[in-house]
Each structure stands twice: as C-alpha cells, then as structure tokens.
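# Fold and geometry: a report
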Amino acid sequence: MPAPRGNSNARKYSADETVFDNIDSEEKAWLLGLIVSDGCLYERRMCVQIALKHTDIDALEKAKIILKYSGPIYTRLARTYTSLKGIAYHHSESKTLCIYSKKIYFALINLGVMPRKSTKETLPKVHETLLPHLVRGTWDGDGAVYNNNNNRQQHHWRVALVGSAPLLTSIADIAYSVVGVKKPVHKCKGNWHSFTLCSRNALKWCDYMYKDATVYMDRKYQKYLEMKKYYAEVDMKRAEKCGV
C-alpha cells in the first residue's frame, strides 16, 4: 500500500493515545528513542511518522503493537529524482508508519521531540532504568553495528550513531559511564554529527543497550549477537593458548 497524502486517514484508524503520557516501560522508552532519531512530527497534519528501510519492517510492526494502532504500514517505492541544482538523489524502498493524533503529537512535543527533522534533537529524560532502552531505540533509528575488516584479516567491530550535537553529546556522556572511555562527537556533513565506539568498547556498549531487552530491531540485534560471538571465540582462543 502506497504512503498516504494529506490527512485523509486522520480519523480512519485507532491508536492508544496515552502511550507517551508516562514513559514507564521498556517498550515506551524504546519507541520514544526510535521516534527521536528516525521519526518526524508534522504540525499541519498532527501526524507522527516513522520511516525505515523496507528490510526493517519488524521494528514498525513492534511500534504498531505498542501503539495499539489499527492502521497499515505503507510502502514508499524506490525512486530517483534530480534537484533544482541538478544533483541526482536516490531513495531506496522504505516502509512508513503514520499516526494521526493531536494528543500523541503534543505528548511527544512535551517530551522534547522536535517537529520535523532538525539539528537540535535532544535525548528525552526518562528514569535511569529505562535509559538503555531509550538509547537502543535511537540506535535502531539512526545507528549502525558493523564489522570493519582490514587487509590483515582482523575484525574491527564498530557501533556508530548519526544525529544532532545535543543528542549525541548526551549519549556520549552515558557511554562514558558505561565503557569508561570518553569518545568525542564528530561533526560531519552539514550540521549533523556522529559518535562511534570500536572493538571491546562497542561490545560493552551493546551489552548495556541489549541487557534484558525484549523489543529491538531484529537486524541490528543479530549483528550484536555476531559481535558477541566473535569476541567470545577470541577470548576462548586466548585462554586455550595460555593453557587456562
């Protein structure tokens, strides 16, 4: 089903409009993080939209369950277009969830979520016990977990996140408390910034995000399991070599 235009579906489907009144569960914290990083609020339509790669539809299905949303997930087909400056852009196929609700819209505003995409997003305040789930949501939105092999056949696992400077600075501070290493936030194209952790620090960070987790993007969780398995095998080989 193609993505909707206008607000023709505004009153067509139902949702739990109290979800973001109180962030008191893993599921709510994760979804809030996902919206902060990869969601968009449209004031004119009072719409909350989350768009992800078509291969990550599982995350949108989980969002639907949390929101108790009765509507569909839409498909945006791949397309290529040329800007007024003559620059060609390609958009891959994506899946989109659109929730039309004035109450949900303003609940997210009150939590600090910015309308549309900006470079001023901040990390919402939640209870300390829910922080891992909140940051996991942001990572599922605009983060990456990957294995960067080099020519010496060594494995260098990394986790990276792209976003606003305020958002990444807050996450970098949390990461410092988790891994014990202060990593800088780097400026990249435009006003966007990036934050990266490597090797064992990446594993420690993912252990923190995924501890006791029950809701997450499947693709990135599987990458985490690959990384965890790799370092477990490295430790086993070292132990065998040392005769332990």
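Residues numbered from 1 in each chain as written. Predicted model: local features only at pLDDT ≥ 70, side-chain atom pairs only at ≥ 80, totals over all residues. Heavy atoms only, no water.

### With respect to the overall build of the chain
Scanning the chain from terminus to terminus reveals seven helices and ten strands. The buried share among the 244 residues of the chain stands at 45%. (Helix = DSSP H or I, 4+ residues; strand = E, 2+ residues; numbered from the N terminus. Buried < 20%, exposed > 50% of the residue type's maximum accessible area, 1.4 Å probe, protein only.)

### Section: helix H2 (residues 57–67)
Most of H2 is tucked away: eight of the eleven residues are buried. Lining the buried residues of H2 we find helix H1 (26–38), strand S2 (47–53), strand S6 (94–100), helix H3 (102–110) and helix H7 (218–241). Phi turns positive, to about 55 degrees, at lysine 68, one or two residues after H2. (Contact = heavy atoms within 4.5 Å.)

### Considering the side chain of glutamate 121
By the element assignment, glutamate 121 lies in the loop between H3 and helix H4 (131–142). With residues near it in sequence (within four places) discarded, glutamate 121 still touches Val36, Met114, Arg116, Ser164, Pro166, Leu167 and Trp192.

### Looking at the packing of H1 against H2
Orientation of H1 relative to H2, taken along the N-to-C sense of each, is 125 degrees, at an axis distance of 10 Å. Our classification of the angle between H1 and H2 gives oblique. Where H1 crosses over H2, the handedness of that crossing is left-handed. Here H1 contributes Glu27, Trp30 and Leu31 to the contact with H2, which in turn contributes Ala59, Lys62, Ala63, Ile66 and Leu67. Looking at the contact of H1 with H2 residue by residue, the class counts come to six nonpolar, no polar and two charged. (Axes fitted to C-alpha atoms, helices over the stretch in contact; angles between N-to-C directions. Parallel < 35°, antiparallel > 145°, perpendicular 65-115°, else oblique. Left-handed = near helix turned anticlockwise from the far one by under 90°. Nonpolar A, V, L, I, M, F, W, Y, C, P; charged D, E, K, R; others polar.)

### Points about the sheet that holds strand S3 (residues 74–76)
What the four strands build is an open sheet, ordered S1-S2-S6-S3; its pairing is antiparallel. The strands lining the two open edges of the sheet, one partner per strand, are strand S1 (39–42) and S3. Put simply, the sheet's adjacent strands are angled 30 degrees from each other on average, direction ignored. Packed onto the sheet, H1 meets S1 and S2 and runs at close to 80 degrees relative to S2. (Pairing = 2+ DSSP bridges.)

### Looking at the confidence of the model for the chain
Overall, the prediction assigns the chain a mean pLDDT of 88, with 86% of residues at 70 or greater. The weakest mean pLDDT in the chain belongs to strand S5 (residues 88–91) at 62; the strongest belongs to H2 at 97. (pLDDT = per-residue confidence, 0-100.)

### So, the nonpolar core
Note that soluble globular proteins tend to have their nonpolar side chains buried in a common cluster. Within the largest apolar cluster, 63 residues are counted, with the highest numbers of intra-cluster contacts made by Phe20, Leu31, Leu32, Leu67, Leu108, Trp205 and Met227. Aside from chain neighbours lying at most four places away, what touches leucine 108 is Phe20, Leu32, Ile35, Leu41, Val48 and Val113. By size, the runner-up hydrophobic cluster in this structure holds five residues, among which are Cys40, Tyr42, Cys47 and Tyr100. (Core = buried A, V, L, I, M, F, W, Y, C linked by side-chain atoms within 4.5 Å.)

### Structural notes on H3
What H3 keeps buried is the set Ile104, Tyr105, Ala107 and Leu108. Down the axis of H3, the buried side of the element spans an arc of 165 degrees, and every buried residue falls inside it. Seen from the buried face of H3, the exposed residues on the opposite side, beyond 90 degrees, are Lys102 and Asn110. Taken together, the buried residues of H3 touch H1, S1, S2, H2 and S6. (Arc of directions from axis to C-beta.)

### As for the packing of aromatic side chains
Aromatic rings considered in pairs are described by the distance between their centres and by the relative angle of their planes. Inspection of the entire model under this criterion finds ten aromatic pairs. Where tyrosine 210 meets tyrosine 221, the ring centres are 5.3 Å apart and the plane angle is 55 degrees; that geometry is what we call tilted. With tyrosine 210 in helix H6 (residues 199–210) and tyrosine 221 in helix H7, the pair connects residues that are eleven residues apart, well separated along the chain. Each member of the pair, tyrosine 210 as well as tyrosine 221, is classed as buried. Through successive ring pairs, a cluster of aromatic residues spans Tyr210, Tyr216, Tyr221 and Tyr224. (Phe/Tyr/Trp six-rings, centres within 6.5 Å; stacked < 30°, edge-to-face > 60°.)

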